[in-house]
Amino acid sequence: MSKTTVTTNRWRTVDVVVAAVIAVTFGVIFWAWGLLWNVVTPAFAFLPATQAIMYGVWLIPAVLGGLVIRRPGAALFCETVAAVVSVLLGSEWGSITILQGLSQGIGAELAFAAFRYRSFRRPTALLAGALTGLGAAVFDFFVWNGEYALGSYRIPYALLTIASATAIAGVGAWSLTRALAKTGVLDRFPAGRERTTI
Amino acid sequence: MNLEPVARPDAPLARRNPVAKLAAALLCSIILIATLDPVAPAIAIAVELALLPLFGVRLRVLARRALPLLVSAVGILVTLVLFAAERSGRILVEAGPFLITSGVLITALGLVLRMFAVALPGVIVVATTDPTDLADALVQNAKLPARFAYGALAAFRLVPLLAQEWQMISMARRARGVDAGRNPLARLRLFGSTAFTLLVGAIRRGTRLAVAMDARGFDAMTPRSVARRQHFGRADGLLIAGAAVLAGAALAVSIATGTFRPLIG
Amino acid sequence: MSAVRLRGFGWRHAGRKRWAVRGLDLRIEHGERVLLLGASGAGKSTLLAALAGLLPEDSGEQEGTVEIDGRDPRTAREEVGLLFQDPETQLVMARCGDDVAFGPENRGLPAEQIWPRVDEALHRVGFRYGRDRPTAALSGGEQQRLALAGVLALRPSLLLLDEPTANLDPAGAALIRDAVATALDTDTTLLLVEHRLAEALPLVDRVVVLAPGGGVQADGTPQAVFAAHGEALAAEGVWVPGHPAPRRRATTAAGSELLAADELALPPRLATVSLTVRAGEALAVHGPNGAGKSTLALLLGGLLAPAAGRVTATAELAGGDARTPPHRWRAPALVGRIGSVFQDPEHQFVTATVADELALGPRRTGRTEAQVRTTVDALLDRLRLAALAEANPYTLSGGEARRLSVATALATAPRLLVCDEPTFGQDRRTWRELVELFAELRDNGHGLVTVTHDTEFIAALADRQVGLEHPGSTP
Ligand SMILES: Nc1ncnc2c1ncn2[C@@H]1O[C@H](COP(=O)(O)OP(=O)(O)OP(=O)(O)O)[C@@H](O)[C@H]1O
Ligand SMILES: Nc1ncnc2c1ncn2[C@@H]1O[C@H](COP(=O)(O)OP(=O)(O)OP(=O)(O)O)[C@@H](O)[C@H]1O
Ligand SMILES: [Mg+2]
Ligand SMILES: [Mg+2]
């Protein structure tokens, strides 16, 4: 994997639209996932921090966008658009979701930037997952969880968020990219051209 | 999923520039998120509800959209009862590990009110804003790059199609003899495989859409012109300033009454 | 004023070993009206994309040259307008007027010139609604007209149309052809791709046939081309006028009843309809775009619950389950009795290879592994998919994907088969194979319901027809 790099940094139309489509599709999936999230909340009632295990799903578009589009800004763009879309679809959290999306997208973006947008292997994906989880954890730590006990709630919640993001958003997005490449839909992207010709 | 604005479009504040409305909502949310006390959000919610008619949004519509927040409110209460950082005040209930004090309840009230106060402005803006107008205003007034704004807008148009497609894929699974029955694990697997098929189809559509957009000159290096003008006038500036003043005033009252509790520190 | 020159042109898509087009030498003078023919996969769509400058360097490999008035098509985009086959993916904006204005905006036209152009383009294609109409509220035919208006608003001198009527009912297709005919100026060059040519011929004065191996197989006036190459082209999968399809009507009377629909309705998608399906009979359902044909197919297939009326299966079809309606059956029981083929084959694929796709249904109904193997091998052979057994279903060409989706429904040998547009976008060869296959099933006592716009298919196969009206048109 990953020898192919993008020569120019100008986004083609297909990069813009497919990045947005990934974000929009996850906006729709989030909408379904949000229903599920609320349904299972009672099940986690006695150890609410453990619900962070499911957190990674919200962060997949950031890592997936970076892995598929492979351009500076892709991770940030995907996660932000996904947040805007879920706001437009009537997310109950309102416009603050956009800030949350930004803080999560920046995490993944930093990971890809750290490899100078040259490596899109599993370790990069893991790092991107972990950092986007960190972005999310920091936001929640201060903004939403400020009133909860530090040792028994805030810190476990933050750590679980990062673990979940690494596993679900990092490994998940990496496997998802490979599965997508096999279907042929990524043929116009470097990620899709790494499969064998037929 | 409803993508159409649900407000009367001629209401005085609904007519404001979408960028101004978005900025006002964000500003309001950011200021209000800075405190944890019940007073400031309570004032803000009262003002937000009082302004509702000026946005042309009916209370019923707003209530329906904000309904899921009630579930989250219960979540906050449960979490606080179990994990509150401080348990000051009079003891109300004491049963084994459960210790509910008046302080815990006031904190919970503060958090729940804050959540509503922060969410409402965004919900109101969404209810009164057409996505096309938002993209136009983001390009013309906020100077966002047109390629990104209209690329995202074109993708957004696929949302209702994707919702239909989700139904279609589920039916196709059934036609192939695949259903989950009552097994929760099988349900999760089916959710995953349906979502994957949806994503594949969506990316394929997106690729075709991008080609169609290029065929109509979207990728041309010539500067784009605008067919729909968005104005950003004095009234729009006033809306943003007004939002800041209102949220700031709510905060000031809470500081003056001594209930103010900053988020950090 | 656009002339097209191709010299030894070839294109290979990234990730493919085969060239999509190769060794193509062609001159098209400005003002000519050309019909481009060729079997499925011959590279017609690829060629149009090349002429529109839509094959980026990094998405494949090029041989030879393409020129439009002596320029590289990638720099001559403003001369070219391309209408794609699928209208849904080429509408960009949420309101009709904005969508037509999208192209002129990209060209940087001043706003005061844009709206008059938009109105003129909408008028030329006979668009019924105003600029503010949401694009989501249009039928397939109306969307196609709007897309054509979006292309015409750019005033292209080279107009490229890729199967512009494939999704449409016969009336809608005629409207689009009229719109094209009236929209053409004397100095507009036209290049049209269309599988069904009888209707397209009045629009053109020249026919070019691409050879499957590369290069041009025939070129000239329609009369000359069909006189010289008619037989050979028909054998290779091109629809040629004067080579009618064989008839395959039932030779014996229909058997017992399998399924009945009583006063079935699902407003606003489907108005009330009643019908019965019998064993050994092919029933065709037709009607305009949006009449609810696909909805009816889903209801009959036990995939959707009706809002009014009911679907009843007889004991002949369902044994002891005959008392519960099909949409309540568990999926494994359903696939053994009623097979469904969807309008879009890609919706139907669940696994990663063609062979697994065929094995899925039989495994679900509890056959032994040996029985599954026999069924799969027989179907792969029968539908010419054996070489693709290990391929991913999403990488198949349109014709192959269609054949696979029909095969998956056949794999569980259901007594009743419900097919939605089984012949849509197919070349003649696949078309004939499908007719033959359905006819055999019918003659072996299976019941068959096909939803289709394809009048030739109805003429060749259907023993009985049901016409649906638009749900809005009846009180
Ligand atoms: N984006 C792509 N990536 C890889 N291969 C492709 C791509 N598009 C087309 N092909 C292949 O190129 C060949 C020519 O395809 P093309 O779509 O041009 O055929 P066509 O003549 O238009 O066929 P049809 O009549 O079925 O529309 C086919 O083998 C097809 O599988
Ligand atoms: N999932 C859905 N939800 C709501 N409306 C739908 C849905 N699917 C289709 N419709 C609408 O129901 C009507 C009938 O649709 P249907 O797809 O059954 O028509 P059809 O006769 O198969 O048309 P076509 O010839 O274009 O395939 C159309 O107006 C369509 O827009
Ligand atoms: Mg084609
Ligand atoms: Mg249909």
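Cut-offs and rules
Residues numbered from 1 in each chain as written. Chains lettered and ligands numbered in written order. Predicted model: local features only at pLDDT ≥ 70, side-chain atom pairs only at ≥ 80, totals over all residues. Heavy atoms only, no water. Helix = DSSP H or I, 4+ residues; strand = E, 2+ residues; numbered from the N terminus. Rg over C-alpha atoms; globule rule 2.2 N^0.38 Å. Buried < 20%, exposed > 50% of the residue type's maximum accessible area, 1.4 Å probe, protein only. Contact = heavy atoms within 4.5 Å. Areas by Shrake-Rupley, 256 points an atom, 1.4 Å probe, with all protein chains shown as cover. Lys, Arg positive; Asp, Glu negative; His and termini not counted. Charge placed at Lys NZ, Arg CZ, Asp CG, Glu CD. pLDDT = per-residue confidence, 0-100. Buried area = accessible area lost by both parts, 1.4 Å probe. Salt bridge = Lys/Arg side-chain N within 4 Å of Asp/Glu carboxyl O. Nonpolar A, V, L, I, M, F, W, Y, C, P; charged D, E, K, R; others polar. Pairing = 2+ DSSP bridges. Axes fitted to C-alpha atoms, helices over the stretch in contact; angles between N-to-C directions. Near = heavy atom within 4 Å. Polar contact = N/O pair within 3.5 Å; in protein donor to acceptor, adjacent residues only side chain to side chain. Core = buried A, V, L, I, M, F, W, Y, C linked by side-chain atoms within 4.5 Å. UniProt positions renumbered as here; feature names shortened; annotations may be inferred.

By the naming in an unreviewed UniProt entry, chain C is ABC transporter related, taken from Salinispora tropica.

The name given to chain A in an unreviewed UniProt entry is Energy-coupling factor transport system substrate-specific component, with the source organism recorded as Salinispora tropica.

> Got a sec to walk through the overall build of chain C? Specific residues and values, please.
If you tally the helices and strands in chain C, you get 15 helices and 17 strands. A compact globule built from 475 residues would reach a C-alpha radius of gyration of about 23 Å, and chain C, at 24 Å, matches this within 12%. Reported as C-alpha extents along the three principal axes, the dimensions of chain C are approximately 70 × 50 × 40 Å. Taken over 475 residues, chain C has a buried fraction of 57%. Taking as baseline every contact in chain C between residues at least 6 positions apart, the subset at least 24 positions apart corresponds to 70%. Total accessible area computed for chain C in this model is approximately 18300 Å², and 51% of it derives from carbon and sulfur atoms. When the 50 basic and 60 acidic side-chain charges of chain C are each reduced to a single mean position, those positions are 4 Å apart.

> Provide a residue-level description of the confidence of the model for chain A, including the pertinent values.
Of the residues in chain A, 81% have a pLDDT of 70 or more, and the chain-wide mean is 83. Counting contacts from residues 1-6 of chain A, a segment whose pLDDT is below 50, to residues more than four positions away or on other chains yields 16 contacts.

> Please set out the interface of chain B and chain A residue by residue, giving values where relevant.
Listed as interface residues are 64 residues of chain B and, on the opposing side, 54 residues of chain A. Interface of chain B and chain A: buried area, both sides summed, is about 5400 Å²; carbon and sulfur atoms make up 78% of it. Linking chain B to chain A there are one salt bridge. Note that R10(A) is salt-bridged to D219(B), the shortest N-O span being 3.2 Å. Within the residue set of the side of chain B that touches chain A, elements represented by two or more residues are α1 (18-32), α4 (68-83), α5 (102-127), α7 (146-156), α8 (159-175) and α9 (184-215) of chain B. By residue number, the principal contributor to the side of chain B that touches chain A is α9(B), which donates 16 residues. Split into classes, the residues belonging to the side of chain B that touches chain A amount to 49 nonpolar, eight polar and seven charged.

> Lay out the sheet that holds strand β13 (residues 308-313) of chain C in plain terms, naming residues and giving numbers.
Residues and elements named next belong to chain C. Read across the open sheet, the three strands follow the order β11-β10-β13; overall the sheet is antiparallel. Each edge of the open sheet is held by one strand with a lone partner, namely β11 (270-278) and β13. Going across the sheet, the axis of each strand differs from the next one's by a mean of 5°, ignoring polarity. Across five bridges, the pairing between strand β10 (residues 257-266) and β13 is antiparallel. Residue pairing across strands places A265 opposite A308, the latter belonging to β13. Packed onto the sheet, helix α8 (residues 293-300) meets β10, β11 and β13 and runs at close to 50° relative to β11.

> Outline the site of ligand 1, supporting the account with residue identities and numerical values.
Residues and elements named next belong to chain C. The local shell around ligand 1 holds 14 residues, among which S40, G41, K44, S45 and T46 are the closest. A distance of 3.5 Å separates an oxygen atom of ligand 1 from a polar atom in the side chain of R18. Within the side chain of K44, a nitrogen or oxygen atom sits 2.7 Å from an oxygen atom of ligand 1. A total of 640 Å² of accessible area belongs to ligand 1 in isolation, and the protein chains cover 74% of it.

> Report on the nonpolar core, specifying residues and quantitative values.
Core analysis: the biggest nonpolar cluster contains 165 residues, and F26(A), L64(A), L180(A), L186(A) and F438(C) have the highest contact counts within it. Discounting residues that sit within four places of it in the chain, F26(A) has contacts with I60(A), P61(A), L64(A), L176(A) and L199(B). Within the second largest apolar cluster, 48 residues are counted, among which are L35(C), L83(C), L190(C) and V209(C).

> Run through the site of ligand 2, naming residues and quoting values.
Lining the immediate environment of ligand 2, one finds 13 residues, of which G290(C), K293(C), S294(C), T295(C) and H453(C) sit closest. Looking at the residues close to ligand 2, they fall on chains B and C. Contacts to ligand 2 include A291(C), whose backbone N or O atom sits 3.2 Å from an oxygen atom. Between ligand 2 and the protein, one listed contact pairs an oxygen atom with a backbone N or O atom of G292(C) at 3.0 Å. With the chains in place, 66% of the 640 Å² that ligand 2 exposes on its own is no longer accessible. Looking at the shell around ligand 2 element by element, the count peaks at three residues for α8(C).

> Lay out the UniProt feature "transmembrane region" (unreviewed entry) in chain A in plain terms, naming residues and giving numbers.
Residue and element names in this part refer to chain A. Using the residue numbers shown here, the UniProt feature "transmembrane region" (unreviewed entry) corresponds to residues 12-33, 45-67, 124-143 and 155-176. Structurally, residues 124-143 is divided into 100% helix and 0% strand, and its ends, taken at the C-alpha atoms, are 28 Å apart. The span residues 155-176 shows a helical share of 100% and a strand share of 0%, and its end C-alpha atoms are spaced 30 Å apart.

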